[in-house]
Structure formats: C-alpha cells, structure tokens
Amino acid sequence: MKKINIKLMIALIGGSLIMASCGNNSKSENDSLQNEVGMEHDHSSHELGATEENRNVSANIGEMKGDLSVVLKDYFTINENLVEDDASSAAEASAKLVTSLKGFKGSKLSDDEQKEVNDILETAIENAEHISKNAGDIGHQREHLISLSTDIKDLIAIIGTSQKLYEDFCPMANNNKGAIWISNKEAISNPYMGTKMPTCGKVQNVIN
C-alpha cells in the first residue's frame, strides 16, 4: 500500500507542476506586454524578419503594404479547428490557406522586402501543405503550425495589418521548448494543446 501511495503522490505532484507551467496568465501578461520567452524555431533565412526589431510588431508598423485579411482568416480557421482537435477541418482550412498564400501580392515593397516576403511565402505554403495533407495526423499538423505561425508573424511585420491581433505563447508546445501562435482574440484558445488544455498559455505581445 505504501508503494502505491508514493506513486500516487508523485503522479499528483507531477500533474500539478505541468498545470502550473501552463497556467492561463494571458490577462496579466497582456498588461505588461513582456516577451519573456522566445521561440527556438530557426527562421534565420528570413533576413529582415529574423531581426528583433522586425519581429517586435507594434502599432507603429507604418503604412500597410498589402492586404493579409484573407490569409489571416484562413490561418485563424486552422487554429480554431486544432483547438477543437478537428484535424479534418484543419486540413480543409489549410488547403484554402495554400491558395490565399499563393494569391497574395504585396505593394510598395522595397527589393529587400519583396525578397523577404517571397521567402516567407515559400515556407508558409510548404507548412500549410503539410497541414492540409495530414488530416489523419493532428500531431504532424501541430508541428507545422509552429513554423507556420512564425511565418505569419513575419509577414505581418513587413506587410502590416488593420486588425488588432495577439501573439500568444504556449510553454508546453514544441516538446516543451515553447511556441507562439497569432490570434484575433484576447482570450487564450491553444491550438497546440487542443481540448486537453485549451486555455494553456499567455499573451506575450499585442499587434496593432
């Protein structure tokens, strides 16, 4: 009996630690707007987007250089589907995102910005295609959402947006390395944890 009780205590303590690491601190974090934890995902090939200045999207983003509304709509739909653990619908939404990404055109971009946008679109399309082709593997879909979300963030940094958006962070995604996603709602709805822990995470930056 003592051995069983010890195992139960360890399991309960472990579960408490996991929940604590993934508490929903979105409101307090939104007030401070501190980027306490960064992504380890490598987007170093995005020369402009890879700098901290360009990654730190703010209300002072300047003149919009294109319309990302359709791209964002499709991206948000994927997130909503994954929050509900609906891999099939996420695949359908991602197929639409592939189309909207391929059809996106920026305006008034410098040569360097155009090159950067082209690079981002290329990787974003690749990630979206992985999600669209893996309706039977939600884990694989979520892996590519990690990179896709950084692509979307980098696009917004260059193109701009008229929407008020939120950069959210989940400490448990990406094998506990953490990962971001972009949301159009202040309340946390975590596409990486789904119905298991939908409110896991925090707002770490407000865009626009």
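Bear in mind the structure is a predicted one, so any value in this text is a computation, not a measurement. (Residues numbered from 1 in each chain as written. Predicted model: local features only at pLDDT ≥ 70, side-chain atom pairs only at ≥ 80, totals over all residues. Heavy atoms only, no water.)

Trainee: Can you explain the confidence of the model for the protein? Please cite residues and give values.
Mentor: Of the residues in the protein, 70% reach a pLDDT of 70 or more, and the chain-wide mean stands at 81. A low-confidence stretch, residues 24–61 stays under pLDDT 50, and its non-local contacts, those more than four residues away or across chains, total 80 contacts. (pLDDT = per-residue confidence, 0-100. Contact = heavy atoms within 4.5 Å.)

Trainee: Any chance you could break down the pairing of strand 1 (residues 165–170) for me, citing the residues and the numbers?
Mentor: Where burial is concerned, most of strand 1 is hidden: six out of the six residues are buried. Burial of the side chains of strand 1 extends over both faces: Leu-165, Glu-167 and Phe-169 are buried on one face and Tyr-166, Asp-168 and Cys-170 on the other. (Buried < 20%, exposed > 50% of the residue type's maximum accessible area, 1.4 Å probe, protein only. Helix = DSSP H or I, 4+ residues; strand = E, 2+ residues; numbered from the N terminus.)

Trainee: Got a sec to walk through the sheet that holds strand 1? Specific residues and values, please.
Mentor: Here we have three strands laid out as an open sheet, ordered 2-1-3, and antiparallel in their pairing. For this open sheet the edge positions go to strand 2 (179–183) and strand 3 (202–207), each flanked by a neighbour on one side alone. Neighbouring strand axes in the sheet, compared pairwise and without regard to direction, differ in orientation by 25° on average. Along the sheet, helix 4 (residues 69–83) makes contact with strand 1 and strand 2, crossing strand 2 at roughly 120°. Packed onto the sheet, helix 7 (residues 138–159) meets strand 1, strand 2 and strand 3 and runs at close to 55° relative to strand 2. (Pairing = 2+ DSSP bridges. Axes fitted to C-alpha atoms, helices over the stretch in contact; angles between N-to-C directions.)

Trainee: Give me the lowdown on the nonpolar core, citing residues and values where you can.
Mentor: In terms of nonpolar packing, the biggest core is built from 45 residues, with Ile-78, Leu-101 and Leu-148 touching the most fellow members. Going through the elements one at a time, helix 4, helix 5 (87–103), helix 6 (111–132), helix 7, strand 1, strand 2 and strand 3 are the ones with two or more residues in this core. Per-element accounting of this core gives the leading share, eight residues, to helix 7. (Core = buried A, V, L, I, M, F, W, Y, C linked by side-chain atoms within 4.5 Å.)

Trainee: Go over the environment of Ala-187, please, and point to the residues and values.
Mentor: Mapping Ala-187 onto the fold places it in the loop between strand 2 and strand 3. The class for Ala-187 is exposed, based on a relative accessible area of 54%. Considering only alpha carbons, one finds Ala-187 and Tyr-166, 21 residues apart in sequence, at a separation of 9.3 Å.

Trainee: Would you mind going over helix 6 in detail, with residue names and values included?
Mentor: Given a rise of 1.5 Å per residue, 22 residues ought to cover 32 Å, and the 31 Å separating the end C-alpha atoms of helix 6 matches this to within 8%. Considered for burial, the residues of helix 6 that qualify are Glu-113, Glu-116, Val-117, Ile-120, Leu-121, Ala-124, Ile-125, Asn-127, Ala-128 and Ile-131. Elements that come into contact with the buried residues of helix 6 comprise helix 4, helix 5 and helix 7. (Expected span 1.5 Å × (residues − 1).)

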